[in-house]
Structures are given as structure tokens and as C-alpha cells.
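The chain contents come next:
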Amino acid sequence: MKIVTSQQMKEIDRLAAEQFFIPSSILMERAGLSVVLSIEQVFKNLSDLSFLVLCGPGNNGGDGFVAARDLLDYTDYVTIVFAGDEKKLSVEAGENFKRLKSVGGDIRVLGVDVTLDDVADIMKKCDIVIDALLGIGIKGEVRGQIAELIKLINLYSNYVVSIDIPSGLDSDTGKILGIAVKADLTVTFGLPKPCHLLYPGRELCGQLKVASIGIPRVLRESKQFTRQIITKQLVSRLIPERFPDSHKGSYGKLLVIAGSAEYPGAAVLTSLSALRVGCGYVHLLTCSPANEVAIQREPGLVATVVDKKHFCEQDVAIALELSNNADAVVIGPGITCNDGVRKFLSEFLENLKVPVVIDADGLNCLARDLNILEKIQVPAVLTPHPAEFARLTGEDLSDVKYNYLLTEEFSKKYNLVVVLKSATTIISTPNETFFNLTGNTSLSKAGSGDILAGMIGGFAAQGLNQKDASICSVYLHGLASEHYRHREGSMLVSELLDLIPVAMEEV
Ligand SMILES: NC(=O)C1=CN([C@@H]2O[C@H](COP(=O)(O)OP(=O)(O)OC[C@H]3O[C@@H](n4cnc5c(N)ncnc54)[C@H](OP(=O)(O)O)[C@@H]3O)[C@@H](O)[C@H]2O)[C@@H](O)CC1
Ligand SMILES: [K+]
């Protein structure tokens with residue numbers, strides 16, 4: 001499913017009217033109705049409930065007027081508070097203001113007919129508050145009485161339904177503009193917006209419903225929208241097929257360059273996760289004792305050991321020789337980042353001839369010398385977490401998290417795939433961006449990134465391009481964690497490895 005910014009949504013609105021003769025008034029009518037139907041899906045019997053509909057000064061408020069009118073079909077207990085000026089309403093919102101009044105809607109204007117204290121009293125007694133204060137037209141920090149209303153909602157409401165977006169969120173980033181509504185249910189229209197997927201917005205939305213309001217599918221699926229959510233259908237189409245008449249060579253050969261005397265575990269996790277996603281042959285190049293640890297855990301691995309605590313320049317020859325026999329390479333987990341390792345990595349990457357996944361310490365080495373990226377001749381995936389991406393880009397950590405514009409820019413600049421890992425992971429290629437929603441806090445544990453890198457390498461070795469390998473891996477990695485049956489956080493990363501097959505089976 002595609003994701004659109006507020007600007008793109010406004011463009012859709014314009015095109016719906018100009019090319020498909022569906023004016024904003026129709027979209028608003030259906031938007032308001034879809035909110036009521038979504039509430040009905042949750043609560044079944046609307047006539048038993050009381051509602052407070054808070055309408056703001058723009059078209060988000062207009063949707064609120066429609067919803068209030070529809071609710072009056074079910075019950076008399078609908079109070080409408082309008083925080084705005086009737087004279088400044090758009091044509092569509094103005095019409096719906098009049099329609100609501102004409103069917104007996106009790107619209108009280110904040111500051112004229114009701115005070116904030118009155119609203120607080122109504123709110124406490126009401127079953128459901130509908131937040132139609134601000135939508136995708138929000139600009140800057142929430143101002144004036146609307147900020148006060150949001151405060152009241154978060155203090156006193158029993159159940160909150162936000163129309164389109166929880167008021168106060170920046171639609172394009174998911175950041176809170178001063179203060180934002182904490183909703184139980186958010187009903188958005190046509191397509192999700194970044195704020196529904198990126199934290200803190202994702203959490204403030206509560207349950208998310210994407211309602212159809214009659215925007216033609218060709219418009220919603222237009223190629224000009226280059227961002228989308230990773231779905232199960234997408235992943236199941238991409239996962240490599242298995243053929244009865246096959247052998248290990250049919251499923252690719254991966255070279256994993258990982259581990260050091262201090263971090264043997266990273267090498268093991270990276271190698272095993274590649275096997276878990278179906279890779280036919282994994283060769284691990286590592287430092288002692290990771291080779292022994294790895295073979296003990298899984299005798300199906302092949303390990304070559306360099307006779308030092310860390311990789312260094314002299315190991316480039318063996319690494320390149322092994323890579324000539326491989327379909328893909330993963331490099332970085334646990335290799336540390338001293339001068340010798342950096343020289344090794346730089347010379348290896350410069351001469352590499354097969355697709356590569358660079359993770360963890362590999363990224364920290366790159367961050368010290370970004371010129372290496374210019375010299376890579378093969379398709380590459382970088383899998384940074386936000387701190388690693390901050391080092392790579394030279395930006396502040398707070399500016400990097402969930403910054404899809406930055407992943408897109410970086411991906412274009414160096415012509416590679418960026419996988420920015422977080423609760424919502426963002427994958428950018430030079431032309432497209434994918435948001436992943438699977439996973440939970442079980443993944444917040446050392447070693448879970450090594451597993452992801454190994455999965456991407458394992459799929460790449462089987463012939464998936466770097467984009468598709470990343471999409472499948474990120475989705476399945478998250479899904480595997482959701483299959484852990486105990487309390488989030490108790491899972492060991494070795495257990496995550498063992499849940500990959502369950503996730504693979506599900507898609
Ligand atoms: N296809 C579509 O797109 C469809 C869109 N639809 C609906 O339209 C919504 C977008 O409507 P919109 O563009 O009128 O903007 P909206 O969010 O109501 O806010 C604008 C108002 O808020 C005010 N205001 C702004 N910032 C503020 C702040 N920080 N603090 C305080 N006030 C602030 C601003 O005031 P101004 O800055 O102009 O003085 C202006 O009056 C969208 O979310 C969806 O619900 C549906 O009908 C179906 C089809
Ligand atoms: K809203």
C-alpha cells in the first residue's frame with residue numbers, strides 16, 4: 001500500500017476533481033461517513049452511545065460536521081463544539097456546517113457558547129470524543145484554544161477517534177507539534193500518511209483504519225508515489241521458489257566476513273540466519289574462536305579462520321579469493337573498527353565483484369572514510385541503526401531517526417540500498433522507499449541486527465536483488481519476533497533464529 005505526504009494528498013484531491021469528476025464535497029461526505037461506520041465496527045450499537053465532536057477551523061472540521069450529522073441518525077446525544085469562525089470555513093466545510101445545523105445539530109462555538117471548562121465537563125460524561133480539530137493542513141506548533149482542547153482530550157476523554165490524523169501530529173514526519181491527541185482509533189482516508197507509521201505518531205494513532213472514500217485506485221496506486229508499506233503479499237511474491245530437482249548450488253553461496261576475538265557470536269548469528277532463509281552454502285571467514293563456536297552450533301557451516309584477533313590488510317587476498325566463489329557477501333558484524341580492520345575493509349570493498357551487505361562495524365569503518373562508498377563497484381546494502389546512520393551522514397541522532405528524506409538522499413547519492421533499522425524500519429533505494437511495520441521490542445537486543453544482515457545476504461545469494469532481499473528480510477525478521485510466545489523482551493537472539501522458519505511459513 002502506497003504512503004503519501006500531505007502535499008501528495010492535496011494533489012490527489014485536485015486530480016480526483018479534475019480528471020475523475022469527484023469533487024472535494026463528495027470526498028468529505030464519504031470521509032465523515034467512513035468515520036461513523038468505523039466506530040460502528042468497533043462498538044456495534046451506536047444508539048447506546050454519547051458523542052462529543054470537536055471540530056476545527058479547516059476541512060478536518062468539515063469531516064467532523066459530516067460525521068456528527070450521520071451520528072444524529074443514531075442518537076440524540078451528539079454535542080458539537082466548533083473551534084473556529086464560520087465565516088472562514090471552506091465552501092465544503094461551510095455547506096456541512098449548515099447541513100448539520102439544519103438537521104438539528106447543536107453546534108456550540110468555543111469561546112462564544114461554551115468555555116473550556118464546559119467542554120471538560122461534557123467530555124468526562126461522554127462515551128466517545130471525535131477529534132476533528134486538525135488534519136493534514138496543520139502548520140507549525142498547535143496554537144491557542146486548539147492546544148487547550150487537545151490537553152483536555154488527553155486528560156478526560158474515555159475513547160478518542162481521530163479523523164484522518166491525531167490532531168497535533170506533523171503528517172509528513174509523525175512528530176508532535178507541541179501537543180497531540182492520543183487516539184484509540186484513527187480513521188484516515190484513501191492512503192496512510194507517514195505520521196501513521198513513524199513514531200511517536202504511530203503510537204498516538206491507536207488502531208489505524210484506512211477507509212475507502214472513493215478515490216480511484218489508479219490515482220492511489222500511481223507510480224508517482226514512490227513510498228509504500230511492506231505487505232505480506234509483497235513478501236510472499238518475492239521469496240525464492242524451491243524446486244524439487246535442486247541441490248545446494250541452486251540456492252546460492254554466501255560469504256560471511258564477521259567476528260573477532262571479542263565478538264565471535266556476531267559471526268555465528270549472521271551465518272546461521274543466512275542458512276535459515278534458505279541459502280544453500282554459507283562460508284564464514286572469521287577470527288578464532290568464532291570458527292569453532294560456529295561449527296559447534298551448526299556443523300553445516302564451512303569456516304575459514306584468519307590467524308589473528310582482528311582482520312587486517314593481509315587478509316584481503318583470502319577474502320577476495322573466497323568472494324570469487326560466492327554469489328553475495330555480508331561484511332561487518334563484530335569485526336571491530338581499528339586501523340587494520342579499516343584498511344582491510346576498504347581494499348576488500350574496492351575490489352569486490354559480487355553484491356555486498358555492509359553492517360555494524362563495517363558501517364562504523366565506512367563512517368570514518370566515506371570515499372570507500374564511491375569506490376564500491378557492486379550493488380550494496382547498508383544496514384545502519386540510527387546511531388550508525390548519524391555517523392555516516394554526520395547529522396544529529398535526533399535528526400536521523402525515521403528520516404526517510406535522508407535515507408532517500410543517501411541512497412541516491414551513493415547508488416545503494418539503505419536499511420535504516422528502528423521500530424518502523426525504512427528501506428530506501430535510489431527510486432523507492434519501503435516502510436516495515438512488523439516486529440516488536442524483542443528485537444531490541446544485541447545480535448538481532450547481525451541476524452538481519454545474514455538474512456539479507458542469504459536472500460541476495462539466492463539471486464534476489466538488493467532491494468527485494470532487504471524487503472523480505474526486514475519483514476520476516478520482524479514477523480519472526482512476533483511469533484515469540486512469551487513476554488516481549490525475554491527472547492534470546494538464538495530463539496529469534498529459530499523463529500525465522502515460522503515466519504517463512506506464514507507468508
Ligand atoms: N483528499 C483530501 O485531502 C481530503 C481531505 N479531507 C480532510 O481535509 C483535511 C485537511 O483540511 P485542510 O487542508 O483544510 O487542513 P486542516 O487540517 O483542517 O487544518 C487547517 C486549519 O487549521 C488551522 N491551523 C493550521 N495549523 C494550525 C496550528 N498549528 N494550530 C492551530 N490551528 C492551525 C488553519 O488555520 P490558518 O493557518 O489557515 O489560520 C486552518 O484553518 C484532511 O486532514 C481531511 O480530514 C477530507 O475531507 C477528504 C479528502
Ligand atoms: K484530527
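Residues numbered from 1 in each chain as written. Chains lettered and ligands numbered in written order. Predicted model: local features only at pLDDT ≥ 70, side-chain atom pairs only at ≥ 80, totals over all residues. Heavy atoms only, no water.

Named according to an unreviewed UniProt entry, the protein chain is Bifunctional NAD(P)H-hydrate repair enzyme originating from Pseudothermotoga lettingae.

Student: Which residues make up the packing of helix α5 (residues 116-125) against helix α6 (residues 144-156), and what are the values?
Tutor: Contact geometry for α5 and α6: axes closest at 10 Å, N-to-C directions at 30°. The pairing of α5 with α6 is recorded here as roughly parallel in orientation. Crossing handedness for the pair α5 and α6: right-handed. For the pair formed by α5 and α6, the contact residues are L116, V119, A120, M123 and K124 on the first element and Q145, E148, L149, L152, I153 and Y156 on the second. Among the residues making up the contact of α5 with α6, the classes are represented as eight nonpolar, one polar and two charged. (Axes fitted to C-alpha atoms, helices over the stretch in contact; angles between N-to-C directions. Helix = DSSP H or I, 4+ residues; strand = E, 2+ residues; numbered from the N terminus. Parallel < 35°, antiparallel > 145°, perpendicular 65-115°, else oblique. Left-handed = near helix turned anticlockwise from the far one by under 90°. Contact = heavy atoms within 4.5 Å. Nonpolar A, V, L, I, M, F, W, Y, C, P; charged D, E, K, R; others polar.)

Student: So what about the side chain of T336? Which residues, and what values?
Tutor: Looking at the secondary structure, you find T336 in the loop between β12 (328-331) and α13 (339-351). T336 gets classed as buried once you look at its relative accessible area, which sits at 13%. Residues within four places of T336 in sequence aside, it is in contact with S260, E262, Y263, H310, V341, D361 and C365. (Buried < 20%, exposed > 50% of the residue type's maximum accessible area, 1.4 Å probe, protein only.)

Student: Which residues make up unusual backbone geometry, and what values do they have?
Tutor: The omega torsion of the bond from Y199 to P200 falls at 0°, within 30 degrees of zero and hence cis. Here P200 lies in the loop between β6 (185-189) and α7 (201-204). Residue S288 is joined to P289 through a cis peptide bond whose omega torsion reads 10°. Mapped onto the fold, P289 is located in the loop between β10 (281-287) and α11 (290-297). Non-glycine residue F21 carries a positive phi angle of around 55°. Its place among the elements puts F21 in the loop between α1 (6-20) and α2 (24-43). Of note in the backbone geometry, N415 takes a positive phi value of approximately 55° without being a glycine.

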